[in-house]
Structures are given as structure tokens and as C-alpha cells.
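# Report on the structure
Here's the letter readout for the chains.
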Amino acid sequence: MKIARFSHDDAILFGIVDDTDLVVLSGDPLFAGYEPTGDRVPIADAVILAPVIPRSKIVCVGKNYHDHAAEMGGVAPEEPLLFLKPNTAVIGPGDAIVRPSISDQTEYEGELAVVIGKVAKNVTQADALDHVLGYTIANDVTARDLQRKDGQWSRAKGFDTFCPLGPTISTDFDPSVATIETRVNGEVRQKAPLTDMIHSVEAIIEHASAVFTLLPGDVILTGTPAGVGTFDAGDTVEVEITGLGILRNTVRDAVRPS
């Protein structure tokens, strides 16, 4: 099942993708379940939004592919390397990534995203997937020059628009048979099977939930493969994962202060 969050007739709604239609749900499935209202909206008549706005946090994992760790000038950590993005960084499919005026090196990082479905604290790997609502696609946009300058990652990864998510949440996705690919203006920049991840989804949930409580709607970004690089205003960045679709965003520059 694929769940969409969308706008139609000035209302924000949730629906299940059914061919070319959206079967409208009575509310957010995180809290209201999957009760249909009886209404259907053609996908062509809807504006697809970010499938979830995290209630509390976006948990990210750094250097979770050996090749990416190497291109960043280091080795992969033995345990998942965690950091956070604010929920104000989230945008949806088709929204513009805004390059901040104080950065000259803004980069894409295509990633698999996991949406938490129920409260998780001190969860074991064996039980981890019981706490997952589903999966979507993310772009962990990074101001790389600020990351190097600051020596930590909060500012570099926390700007508004720096966490595109979408297009939908799939509840029956299998990462073991999927490939991720990132393209800029149609040119492939990243491509890897998700099995190249060092720490699995289950391992990440176990590690993260030992640190802080994961709440329904929280999102986990699982790391990016090698091939990260810059993009410019006017570019189109696409992240595609087999079975999840394509997350497509344009790019523009912020207005520089006069």
C-alpha cells in the first residue's frame, strides 16, 4: 500500500494510491488508521505533499556506505553515526530546494527514509520493523562548506528546504531488492543497491531508540552512497528508489541580502 499526503480544494488530506486515483482517508493514518471516507480524488487533480511532517525529529545516519565514507576522507564508524535535522527542513515533491546565500557548496545526498509508526524505545533489531509505518525517499541536502567550517553538522544540514521527502509512504517495501539512484538534470550521480548499507534499518532503529524515544511520524534517514556532489540554481535533482518512485525537486538560490 502507498500512502499519499496531498492538497485538494484547499484541504490537506491523506489517501491510498489506487491506480490513477487517491482513496481519501478519514485522517492521518498514523493516528486514525486506514478508514476511507468514500471519496476519491484523481492524482492529476491533487498536489502531492511531503508524505509526513515529523512531529519531533528527523534522525539521520552519516557515513553508512563504505564508498561514501571513503570519499568523505575517512572510514565508516563501527556504530551508526547519528545526527538530527529539524522538521522545518522538510519539503515535498516538486518544491524548490533553496541554496542559502552563505554557502557556496550545496550538495545532494539521496537516501532511503524510514517512517516510524509507533512509539519505540530500547527496541531490539528483532522487533524493530514492528515500529515502522513504511518507507519513502529523502534528499539529505548539505551545505558542505559550512559542514567543514563548523566541525559539526547541525547548521550545514538544517536549513529550511534541506530535507525533501516523498512522494509517498510504502508500507510493504523490501530494501533488500531495491536500488537507489540520484540524478542531476538527468545525469546519474549516485547509484547503489540498498544492501550496500553498512548498518541495516533494524540496526539503526535499535541504536537510535536506545538514545531517544522515537515517536510516530519521526523519520530516519539511512545514509547516502558514494557520488555526492554540488548542484546549482535551475537544476533538477531526482532521487529514485526501486519500488518507491521518484523524488524530484528543482533548485533556486536564496535572495542575497543587499
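As a starting point, this report considers the structure included with it. Please read these numbers as outputs of a predicted model, since none were measured by experiment.

So, how was this worked out
- Residues numbered from 1 in each chain as written.
- Predicted model: local features only at pLDDT ≥ 70, side-chain atom pairs only at ≥ 80, totals over all residues.
- Heavy atoms only, no water.
- Pairing = 2+ DSSP bridges.
- Helix = DSSP H or I, 4+ residues; strand = E, 2+ residues; numbered from the N terminus.
- Phe/Tyr/Trp six-rings, centres within 6.5 Å; stacked < 30°, edge-to-face > 60°.
- Core = buried A, V, L, I, M, F, W, Y, C linked by side-chain atoms within 4.5 Å.
- Buried < 20%, exposed > 50% of the residue type's maximum accessible area, 1.4 Å probe, protein only.
- Contact = heavy atoms within 4.5 Å.
- Salt bridge = Lys/Arg side-chain N within 4 Å of Asp/Glu carboxyl O.

### Focus on the sheet that holds strand β18 (residues 229-230)
- In spatial order, the strands read β13-β10-β18; together these three strands make up an open sheet with antiparallel pairing. Either end of the sheet is taken by a strand with one partner, and the two such strands are β13 (142-143) and β18.
- Strand direction decides the pairing type here: strand β10 (residues 106-108) and β18, joined by two bridges, are antiparallel. From the neighbouring strand, E107 faces β18, where its bridge partner is T230.

### Focus: the packing of aromatic side chains
- Applying the stated criterion to the full structure yields three aromatic pairs.
- Judged by centre distance (4.9 Å) and plane angle (75°), the rings of F83 and W153 are edge-to-face. Of this pair, F83 sits in strand β7 (residues 81-85) while W153 sits in the loop between α4 (144-150) and α5 (154-158), and the two are 70 residues apart along the sequence.

### Some points on the pairing of strand β1 (residues 2-8)
- Relative to strand β14 (residues 163-170), β1 runs antiparallel, the two sharing two bridges. Within the sheet, the bridge partner assigned to I3 lies in β14 and is I169.
- Of the strand pairs in this sheet, β1 and strand β2 (residues 11-18) are connected by six bridges, and their pairing is antiparallel. From the neighbouring strand, F6 faces β2, where its bridge partner is L13.
- Counted between consecutive antiparallel strands, the loop separating β1 from β2 contains two residues, among which D9 sits at a positive phi close to 50°.

### Notes on the nonpolar core
- Counting 30 residues, the largest nonpolar core has V52, I58, C163, L165, V219, L221 and F231 as its most contacted members.
- Among the elements of the structure, β6 (58-62), β8 (90-91), β11 (110-116), β12 (132-139), β14 and β17 (219-221) are those that each provide at least two residues to this core.
- Of all the elements, β14 adds the most residues to this core, at three residues.
- Those residues in contact with L221, other than ones at most four positions away along the chain, are I58, V59, C60, V61, K85, E111, L112, A113, A138, D140 and C163.
- Counting residues in hydrophobic clusters, the runner-up holds 28 residues, among them V61, L112, A128 and L194.

### As for the pattern of salt bridges
- According to the stated counting rule, one finds 18 salt bridges in the structure shown.
- For the salt bridge of D18 with R40, the shortest nitrogen-to-oxygen distance reads 2.6 Å. Of the two residues, D18 is situated in strand β2 and R40 in strand β4 (residues 36-42); the sequence distance between them amounts to 22 residues.
- Its relative accessible area of 35% is what places D18 among the partly exposed residues.
- Judged by relative accessible area, R40 falls into the partly exposed class, the value being 45%.
- In this structure, D253 engages R99 in a salt bridge whose closest nitrogen and oxygen atoms are separated by 2.7 Å. Of this pair, D253 sits in strand β20 (residues 245-253) while R99 sits in strand β9 (residues 96-99), placing them 154 residues apart in sequence.

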